[in-house]
Amino acid sequence: MQQIKIIFFDIDGTLIGMQSKHISPRTVEALHRLRANGIRLCIATGRAPVTLPDFGGAEFDAYLTFNGSLCYAGADTIYSRPINGADLQRLIQNAASLGRPVAAATRDLIAANGTDTDLADYFAIANEKQPVYQLMLGCRAKDYPSILQGVSGAKIAAWWDRAVDVIPADGGKGVGIQKVLAYYGLDKSQALAFGDGNNDLEMLEAVGTGVAMANASPELKALADAVCPSVAEDGIWQYCAAHGLI
């Protein structure tokens, strides 16, 4: 696997255990050794930039946040695709019709509603000042059509069966990875990715080698080129060591 030049990592359930809530020393060691070997490291997450955790001193070259709707490397914005204003307001209305509160995220702020009216009024103002990259709300799969009713420029990125992230239709981890690869002048065949949730499906399709954690969803494991041990078993370290990357 000497052709690998860049690796993309999901965070929750991949770099960080869902139960432990921290990155293990062995995973940190793997990240340091990968970077020392000249491999670029990139985060690919549904999280907002303001909610990125500490990675034990490990550094990353680029960040795909909001499921790929905002990608950046240092001070360079590689890709920025917020939800358009009309879709934003309709999504809020649709969520309200389901009796669901909504949280919305800009690059620097996450805000949730106190009441539906308050939320609608807030975002009428916020959308003029800062672009909204992602909406988050609790729901079930049966609610997806109602959430997206009348919406033309947004889609659902689901990583949990009780909640969703709503992102621009032309966002997603797959699109973000394509933009980052172009930014670095790299080919898909030179990229590897680790993930665990269904919002990682596009990510694994966008790289030459897609690896699912043992704790990943059945759908992701079925799509993946390989399955490594779980995050609790330092699966990233084990995979990288077994394939000569560290």
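Above this text is the structure in question.
Small disclaimer: the values here were computed from a predicted structure and weren't measured.

(A) Spotlight on the state of the cysteines. Summed over all chains, the structure comprises zero disulfides. With no disulfide partner, C42 has as its closest neighbouring cysteine sulfur the one in C71, 9.3 Å distant. Taking relative accessible area as the criterion, C42 reaches 0% and is therefore assigned buried.

(B) Structural context of the environment of F8. With respect to the helices, strands and loops of the structure, F8 is situated in strand β1 (residues 6-9). Along the backbone, F8 and G195 are 187 residues apart, and their C-alpha atoms lie at a distance of 8.6 Å. Those residues in contact with F8 that lie beyond four places of it in its chain are C42, A44, L64, I177, V180, L181, A191, L192, A193, F194, M203 and V207.

(C) A look at the sheet that holds strand β8 (residues 134-138). Pairing is antiparallel across the open sheet formed by five strands, whose spatial order is β7-β6-β8-β10-β9. Each having just a single partner strand, β7 (110-112) and β9 (154-160) make up the two edges of the open sheet. Taking each pair of neighbouring strands and ignoring which way they run, the sheet shows an average axis angle of 25°. With three bridges connecting them, strand β6 (residues 103-105) and β7 associate as antiparallel partners. Pairing of A104 across the sheet is with A111, part of β7.

(D) A look at the pattern of salt bridges. In this structure the tally under the stated criterion is 10 salt bridges. Between R47 and D12 there is a salt bridge; the shortest N-O distance is 2.7 Å. Placement of R47 in the loop between β2 (40-44) and β3 (62-65) and of D12 in the loop between β1 and α1 (25-36) is noted, with a sequence separation of 35 residues between them. Taking the relative accessible area as the measure of exposure, R47 reaches 23% and is therefore partly exposed. On the accessibility criterion, D12 (27% relative accessible area) is partly exposed. The salt bridge involving D170 is made with R81; its shortest N-O contact spans 3.2 Å. Of this pair, D170 sits in the loop between β10 (163-168) and α5 (173-184) while R81 sits in the loop between β5 (76-80) and α2 (85-97), placing them 89 residues apart in sequence. Taking relative accessible area as the criterion, D170 reaches 37% and is therefore assigned partly exposed. Residue classification places R81 among the partly exposed positions, given a relative accessible area of 33%.

(E) Here's a closer look at unusual backbone geometry. The phi dihedral of F66 is positive, around 50°, even though this residue is not glycine. By the element assignment, F66 lies in the loop between β3 and β4 (70-73). A residue is classified by how much of its surface remains accessible, and F66, at 0% relative accessible area, is buried. Even without being glycine, N67 reaches a positive phi, approximately 55°. Topologically, N67 is positioned in the loop between β3 and β4. The buried category is assigned to N67, whose relative accessible area is 1%.

(F) Fine view of the layout of surface pockets. As a volume, the largest pocket reaches approximately 540 Å³. Along the wall of the largest pocket there are 28 residues; nearest its centre are D12, M18, W159, W160 and N199. If you list the elements that add at least two residues to the lining of the largest pocket, you get β8, β9 and β10. For the lining of the largest pocket, the class distribution of residues is 12 nonpolar, 10 polar and six charged.

(G) Representation of the sheet that holds β1. Spatially, the eight strands line up as an open sheet ordered β5-β4-β3-β2-β1-β11-β12-β13, and their pairing is mixed. Because the sheet does not close on itself, it has two edges, and the strands there are β5 and β13 (226-228). Going from strand to strand, the sheet's axes swing by 20° on average, the running direction of each strand aside. Sheet analysis places strand β11 (residues 191-195) next to strand β12 (residues 209-213), joined by four bridges and oriented parallel. By the bridge assignment for β12, G195 is matched with A212.

Procedures and definitions
Residues numbered from 1 in each chain as written. Predicted model: local features only at pLDDT ≥ 70, side-chain atom pairs only at ≥ 80, totals over all residues. Heavy atoms only, no water. Disulfide = S-S within 2.5 Å. Buried < 20%, exposed > 50% of the residue type's maximum accessible area, 1.4 Å probe, protein only. Helix = DSSP H or I, 4+ residues; strand = E, 2+ residues; numbered from the N terminus. Contact = heavy atoms within 4.5 Å. Pairing = 2+ DSSP bridges. Axes fitted to C-alpha atoms, helices over the stretch in contact; angles between N-to-C directions. Salt bridge = Lys/Arg side-chain N within 4 Å of Asp/Glu carboxyl O. 1 Å grid on protein atoms, 1.4 Å probe; cavity = no way out; pocket = protein on both sides within 12 Å on 5 of 7 lines; lining within 4 Å. Points joined across faces, edges and corners; volume = space filled by probe spheres on them. Nonpolar A, V, L, I, M, F, W, Y, C, P; charged D, E, K, R; others polar.

Worth remembering: the numbers are spatial, not functional.
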